[in-house]
Amino acid sequence: TALPVIGLTAAPAGATGALTGTGTAADPYLISSAAGLDAAAALVNADKTCATDAKANFKLAGDVNYGGATFADFTSTFCGVFDGNGHTISNLVNTATLASTTYTSSLFYSLSGATVENLSLDGITTVPSGQNAADLYNLATLAGVTTSSTITGVAVTNSTVSVTTGATSNPVAGLVFSAVVPTAL
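Taking strand neighbours across the sheet as the criterion, the 4 strands line up as 5-8-13-17 in an open arrangement whose pairing is parallel. This sheet does not close on itself; its edge strands, each paired only once, are strand 5 (70–71) and strand 17 (160–161). Bridge analysis of strand 13 (residues 125–126) against strand 17 gives 2 bridges, and the strand direction is parallel. Note on strand 17: the bridge partner recorded for Thr 126 is Val 161.

Turning our eyes to something else, we now look at helix 1 (residues 34–46). Here helix 1 is 13 residues long and its end C-alpha atoms lie 18 Å apart, about the 18 Å a rise of 1.5 Å per residue gives. For helix 1, the full list of buried residues reads Gly 36, Leu 37, Ala 39, Ala 40, Ala 41, Leu 43, Val 44 and Asn 45.

Let us look at the confidence of the model for the protein. Model confidence for the protein is summarised by a mean pLDDT of 77, while 64% of its residues fall at 70 or above. Here residues 1–15 is a poorly scored stretch, pLDDT under 50, and it has 6 contacts once near neighbours within four places are set aside; other chains count. pLDDT under 50 marks residues 177–181. Its contacts with residues more than four places away, or in other chains, come to 15 contacts.

This next bit is on the packing of aromatic side chains. Scanning the entire structure with this criterion turns up 9 aromatic pairs. Relative to Phe 71, the ring of Tyr 66 has its centre 5.6 Å away and its plane inclined at 80 degrees; by these criteria the two rings are edge-to-face. Both residues of the pair, Tyr 66 and Phe 71, count as buried. Residues Phe 74 and Phe 78 carry aromatic rings whose centres are separated by 6.2 Å and whose planes lie at 50 degrees to one another, so their mutual orientation is tilted. As far as burial versus exposure is concerned, Phe 74 and Phe 78 are alike and both buried.

Cut-offs used in this document
- Residue numbers restart at each chain and count upward from 1, following the sequence in its written direction.
- Local features are withheld for residues below a pLDDT of 70 in this predicted model, meaning they are given only at 70 or higher, and side-chain atom pairs are given and counted only at 80 or more; totals for whole chains, interfaces and linings count all residues.
- To obtain the side-chain values, all non-hydrogen atoms of the structure were included, while hydrogens and water were left out.
- Any two strands are treated as partners once DSSP identifies two or more bridges connecting them.
- Secondary structure elements are taken from DSSP: a helix is a run of H or I of four residues or more, a strand is a run of E of two residues or more, and numbering for both begins at the N terminus.
- To estimate the expected span of a helix, count its residues, drop one, and scale the result by 1.5 Å.
- Note on classification: 1.4 Å probe, protein chains only; a residue is buried when its accessible area is under 20% of the maximum for its type, exposed when over 50%, partly exposed between these limits.
- For every residue, the pLDDT score states the predictor's confidence, bounded by 0 at the bottom and 100 at the top.
- Contacts were defined at the residue level, with two residues in contact if any of their heavy atoms lie within 4.5 Å.
- Classification of ring pairs uses Phe, Tyr and Trp, with its six-membered ring standing for Trp, and accepts pairs whose centres are within 6.5 Å; under 30 degrees between planes counts as stacked, over 60 as edge-to-face, and the remaining range as tilted.

This is the structure:
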């Protein structure tokens, strides 16, 4: 017969052993490796409505060297807190997320009511592959679109954001492509 296990709680859906913590302000999800960053993105990307993990608290527990590998990005809107804790994410390659004929490529696809702080990004490459002259490219290192969000103490160094073809009306940016601040009615 099976014996009950006492004192253990289930991990959140999509979480892996690469993260510790519960995602609260008092006990943020701790990211200490590239696998941890992947696990954090998987949690956020699974929450399409900012109801659970997309509004959680994440904190770097050390520098994360992505080793030149391609990161799948936070492709859902992030509404939580991402505290770099004075650490660096380095050597990461961003991919492009396609919506119709517009590609958005950045660490965070979109920030809404989010806080990103105390973070360094070094050696980040944001250059979409398979570019098409008819497509639009919204490219930045940190975030594609920010709405009512706070970004403080974030630095970008030794990084590349570029497009070699496509519609020229859309610029590329180093930190944030587009910032939206709602006005009071």
